[in-house]
Protein chains: 6
Amino acid sequence: MPLAAQGEKDTKSDTWLPSLMTETPQEGFELAITLARKGVTSTQSNKEVLFREREEYSQDADSLIHASEVIAAYFQTVAAANDYWK
Amino acid sequence: MPLAAQGEKDTKSDTWLPSLMTETPQEGFELAITLARKGVTSTQSNKEVLFREREEYSQDADSLIHASEVIAAYFQTVAAANDYWK
Amino acid sequence: MPLAAQGEKDTKSDTWLPSLMTETPQEGFELAITLARKGVTSTQSNKEVLFREREEYSQDADSLIHASEVIAAYFQTVAAANDYWK
Amino acid sequence: MPLAAQGEKDTKSDTWLPSLMTETPQEGFELAITLARKGVTSTQSNKEVLFREREEYSQDADSLIHASEVIAAYFQTVAAANDYWK
Amino acid sequence: MPLAAQGEKDTKSDTWLPSLMTETPQEGFELAITLARKGVTSTQSNKEVLFREREEYSQDADSLIHASEVIAAYFQTVAAANDYWK
Amino acid sequence: MPLAAQGEKDTKSDTWLPSLMTETPQEGFELAITLARKGVTSTQSNKEVLFREREEYSQDADSLIHASEVIAAYFQTVAAANDYWK
């Protein structure tokens, strides 16, 4: 089924997202990167495939811009959660 | 009609989304994945097609990034619903 | 003119969106699907074209993910309108 | 210059967006379609080109889904402006 | 480096965005177009390239819809800044 | 792994995002560009690849529009953080 992977069950037992709160905006940005990756690995958990595909897309400007766009979407949520670290 | 599937009626009778509230951010992330999937299956409910297509797109970096982007959009809503689990 | 269809006038006289309020999150999700479809049919109202195109795109993983993304965008609005069914 | 058209100046003198307020959600949806179109015509105001391109993209499922996505983005703004017609 | 242009420094000294406030929604829409263009020229400031590319993309329906989408994203911010001109 | 780069660790020790606050909307726009770039370099930190890819995509209208879209997404967050510089 699209957006589902057999293997993801294993990792679900681990707590990887206890909170959206971070000390600083920069840590919030790093959390956004983590969330973006998790969105990828929850769809494809096979590391061999992930590394092979990474090799390709990280060489392509459009994919890099797209990756930044996805991080931006998660960063919106993390920043709002932290009341923008005001 | 685009964005409509004959077969979706059957599943509509089931309650699959009683609430947007979750205990933790991580459960909220999992709910976002569920919503992203539901958005797919409400358009194409044929499981054979879904599995065949999954095989392909889960091997493609751009599709994986796109999947993460869709999860991000649903996660924004789930996180706001839970007042960011503050 | 892009984003405009000759035939759409006919349907405009009908009330199809009296409110954004729904009883449950699930009904809100279904309303989001309705809005996503309306966004399509307001651009192309020819049912023959719609059915022919549906046949194709519903077989394509990227299109299915894209459809879920559009539903997510409408769901953000519907969920906010309902104060997230808190 | 991208996102700029020589001819757009002419139409700028007309008032076409006096307010984001509408009586009903449905009128709000129609305003969102108007805004989406304006975003197109402010970039390309040549009607011949617009009609020719419309012929093509309105026959393509991905373009139709994309059009619905753009309407969704404007609808978010219009709905917020109207406090979701509560 | 992606999303960076050698030549942009020159224009940075000018004030081109003193405020997000506008008198009317329509002026807000025009500011959104300005912001969308600035997002383009901050990446590519060479006017020859910009004009050449404009010639092409303004003839393509998908690019026009995409341009409208980008304007929508900036308009969300401008509209919120103006409390939706209520 | 997609959205991850071996080399990024080195730069993580530096503080590059102490705050989302800026004096003016224009400085906020520049911060949005910085965030968009950081989203790119956190995925691909090899400068040779970045410069080579930049050469290509900055010549392509669709990529330029896409870049502006990503900046818009970060600008939404920065503007909200600054209460829209009201």
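Thresholds applied
- Residues numbered from 1 in each chain as written.
- Chains lettered and ligands numbered in written order.
- Predicted model: local features only at pLDDT ≥ 70, side-chain atom pairs only at ≥ 80, totals over all residues.
- Heavy atoms only, no water.
- Contact = heavy atoms within 4.5 Å.
- Salt bridge = Lys/Arg side-chain N within 4 Å of Asp/Glu carboxyl O.
- Polar contact = N/O pair within 3.5 Å; in protein donor to acceptor, adjacent residues only side chain to side chain.
- Helix = DSSP H or I, 4+ residues; strand = E, 2+ residues; numbered from the N terminus.
- Nonpolar A, V, L, I, M, F, W, Y, C, P; charged D, E, K, R; others polar.
- Axes fitted to C-alpha atoms, helices over the stretch in contact; angles between N-to-C directions.
- Parallel < 35°, antiparallel > 145°, perpendicular 65-115°, else oblique.
- Left-handed = near helix turned anticlockwise from the far one by under 90°.
- Least-squares fit on C-alpha atoms with pLDDT ≥ 70 in both.
- Phe/Tyr/Trp six-rings, centres within 6.5 Å; stacked < 30°, edge-to-face > 60°.
- Buried < 20%, exposed > 50% of the residue type's maximum accessible area, 1.4 Å probe, protein only.

Q: How should the interface of chain B and chain C be read in this particular structure?
A: Interface size, as often reported, equals the accessible area lost upon joining of the parts. The interface of chain B with chain C comprises 39 residues on the first partner and 32 residues on the second. Inspection of the chain B/chain C interface yields 0 salt bridges. Summed over the shared surface of chain B and chain C, the number is 13 residue pairs in polar contact (both at pLDDT 80 or more). Of all the secondary-structure elements, those providing two or more residues to the side of chain B that touches chain C are α1 (8-12), α2 (25-41), α3 (47-57) and α4 (61-81) of chain B. For the side of chain B that touches chain C, the leading source of residues is α4 of chain B, giving 11 residues. Looking at the side of chain B that touches chain C residue by residue, the class counts come to 22 nonpolar, 10 polar and 7 charged.

Q: Looking at this model, I keep getting lost on the packing of helix α4 (residues 61-81) of chain E against helix α4 (residues 61-81) of chain F. Mind explaining?
A: What describes two packed helices is the angle between their axes and the distance between those same axes. Contact pair α4 of chain E / α4 of chain F: the axes reach a minimum separation of 9 Å and the direction vectors enclose 15°. Taken together, the axis directions place α4 of chain E and α4 of chain F in an arrangement best described as roughly parallel. Taken as a pair, α4 of chain E and α4 of chain F cross one another with a handedness that is left-handed. On α4 of chain F, the residues that touch S63, H66, A67, E69, V70, A73, Y74, Q76 and T77 of chain E of α4 of chain E are D62, I65, H66, S68, E69, I71, A72, F75, Q76 and A79 of chain F.

Q: What is the right way to look at the relation of the copies chain A and chain B in this model?
A: Each of the two copies of the chain can be brought onto the other by a rotation about an axis and a shift along it. When chain A is fitted to chain B, the residual RMSD is 0.0 Å, and the transformation amounts to a turn of 60° plus an axial shift of 0.0 Å. Both copies of the chain, as the preceding transformation shows, are related through a six-fold rotation axis. Within chain A, A73 of chain A has its C-alpha nearest the rotation axis, a separation of 7.0 Å.

Q: Which parts of the structure should I look at to understand the packing of aromatic side chains?
A: In the structure shown here, the tally under the stated rule is 30 aromatic pairs over all chains. Aromatic side chains F75 of chain A and Y74 of chain F sit 6.5 Å apart centroid to centroid with 50° between the ring planes, which places their arrangement in the tilted category. Note that F75 of chain A is positioned in helix α4 (residues 61-81) and Y74 of chain F in helix α4, a pairing that runs across two chains. When sorted by exposure, F75 of chain A lands in the same class as Y74 of chain F, which is buried. Members of the aromatic cluster, each reached through a chain of ring pairs, are W16 and Y74 of chain A together with F29, F75 and W85 of chain B.

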